[in-house]
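Descriptive analysis of the structure
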Amino acid sequence: MTDAEDLRRRTVELLTAHPPAETGRLEFLRARFDAGLAWVHFPEGLGGLDAPRSLQAVVDAELEAAGAPGNDPGRIGIGLGMAAPTILRFGSDEQKQRLLRPLWTGEEVWCQLFSEPGAGSDLAALATRAVRDGEGDWIVDGQKVWTSSAHLARWAILIARTDPDLPKHRGISYFVCDMTDPGVEVRPLRQITGEAEFNEVFLTGVRIPDAQRLGEVGEGWKVAQTTLMNERVAIGGARIPREGGMIGVAAADWRARPGLRTHDLHQRLLTLWVEAEVARLTGERLRQQLTMGQPGPEGSGMKLAFARLAQEISGWEVEFLAEDGLTYDDWTMRRPDGVDFTGREAGYRYLRAKGNSIEGGTSEVLLNIVAERVLGLPPEPRIDKDVAWKDLPR
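Predicted, not measured: the structure shown is a model, and the values here were computed from it. (Residues numbered from 1 in each chain as written. Predicted model: local features only at pLDDT ≥ 70, side-chain atom pairs only at ≥ 80, totals over all residues. Heavy atoms only, no water.)

**A word on helix H11 (residues 363-374)**
Those residues of H11 that sit buried are Ser363, Leu366, Ile369, Val370 and Ala371. At the C-terminal side of H11, Gly376 shows a positive phi close to 75°. (Buried < 20%, exposed > 50% of the residue type's maximum accessible area, 1.4 Å probe, protein only. Helix = DSSP H or I, 4+ residues; strand = E, 2+ residues; numbered from the N terminus.)

**Focus on the side chain of Ser314**
Residue position: Ser314 is located in helix H9 (residues 298-320). At 2.8 Å, the side chain of Ser314 forms a polar contact with the backbone oxygen of Ala310. Apart from the residues lying within four places of it in its own chain, the contact partners of Ser314 are Met246, Arg349, Tyr350 and Ala353. (Polar contact = N/O pair within 3.5 Å; in protein donor to acceptor, adjacent residues only side chain to side chain. Contact = heavy atoms within 4.5 Å.)

**Thoughts on the packing of helix H2 (residues 25-34) against helix H5 (residues 93-105)**
It is at 9 Å that the axes of H2 and H5 come closest, and there the two elements cross at 130°. Judged on the interaxial angle alone, H5 and H2 are oblique. Along this stretch, H2 crosses H5, giving a crossing that reads as right-handed. Packed against H2, whose contacting residues are Arg25, Leu26, Leu29, Arg30, Arg32, Phe33 and Asp34, the element H5 presents Leu100, Arg101, Trp104 and Thr105 at the interface. When grouped by side-chain class, the residues that make up the contact of H2 with H5 number 5 nonpolar, 1 polar and 5 charged. (Axes fitted to C-alpha atoms, helices over the stretch in contact; angles between N-to-C directions. Parallel < 35°, antiparallel > 145°, perpendicular 65-115°, else oblique. Left-handed = near helix turned anticlockwise from the far one by under 90°. Nonpolar A, V, L, I, M, F, W, Y, C, P; charged D, E, K, R; others polar.)

**Overview of the pattern of salt bridges**
This model, assessed by the stated rule, comprises 36 salt bridges. The salt bridge partner of Glu62 is Arg8, with a shortest N-O separation of 3.8 Å. In this pair, Glu62 is assigned in helix H3 (residues 56-65) and Arg8 in helix H1 (residues 4-17), connecting sequence segments 54 residues apart. Residue Glu62 is classed as partly exposed on the basis of its relative accessible area of 29%. The partly exposed category is assigned to Arg8, whose relative accessible area is 30%. Between Arg268 and Glu319 there is a salt bridge, and its shortest N-O distance comes to 3.0 Å. (Salt bridge = Lys/Arg side-chain N within 4 Å of Asp/Glu carboxyl O.)

**Side note on the side chain of Lys303**
If you trace the backbone, Lys303 turns up in helix H9. Despite its burial, Lys303 remains without a salt bridge, the nearest opposite charge being carried by Glu359 at 6.3 Å. Engagement of the side chain of Lys303 in a polar contact is seen with the backbone oxygen of Glu359, the distance being 2.6 Å. (Lys, Arg positive; Asp, Glu negative; His and termini not counted.)

Written out as structure tokens, the structure reads:
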């Protein structure tokens, strides 16, 4: 059984064999993965040691103190938080060996081809088709939208309809799509921030080998649920210190500008601070629950809280800063590697936070999930549950 002392010893051995000051970043990350110190709860040989997830903090603290390089999780968050857990649970041995190491080191960026123009909140209504070419490849045609990092990605996790004669949840299969293949076209979607971190992706006759399928044919919705549950944990359950994140920026503004303070703004800031702290502690509890198994619907509640707080805190900040809150540094069309909620000005945070209640599952859909799967309330009536997808009105 691997314990904290064993992990410290292994980490020291890694640092001794590969001193961060003398080792290239990629070489160090590869060595860390091979030593089982990437994600210690993963199996041996796949970047882990079959250790408790909670012990990852032991490794991270030792490496941070030694100045070891990180793998830039902000840039590869979709791979780390969504693709990797899904591959681990449903992938073949060959898929795990091929995909997980470059995913974790950041050599290969991932994106998520789920949402479509006509299937966002109702994701299971997706229309992208995958048709079997004999007993071999699948030919995929369709359009995906709101795809973060598609302009950077080598791989994508993709769900497509493989049987239109079945009800919408049962005729879907799950694939790994090579974004460099012919027929994959990525177009930027410029957002209210001026940037284009999102994209729309057109798939025209894209050939995907059956060996790149995750899970059984027609069981893609089951596989996708693992991705979605992990996605919401990744978005809403990130570990931050007390008074970290956006509430920390707002509190710093308050302390630095006493001349702008009012009683009403003070009361609202106190309320937001308490709510942010409650959300942080709830996230800690959720991460402790994750050590016991797969994420559950509680992650949807955390993502809900994250979206609401981000919008309310950024709105408070713009109001508090008065005319300074309306400034914006650069409206240039850019395609960034990620989102920076704390390193930009208040105007950016205010505009970018509007997307938090849409991406990763809309707040309306997540409210339904919390109501039905956490609180046990009666589900809403669904008249399309047993109707073949091809017969649904569109």
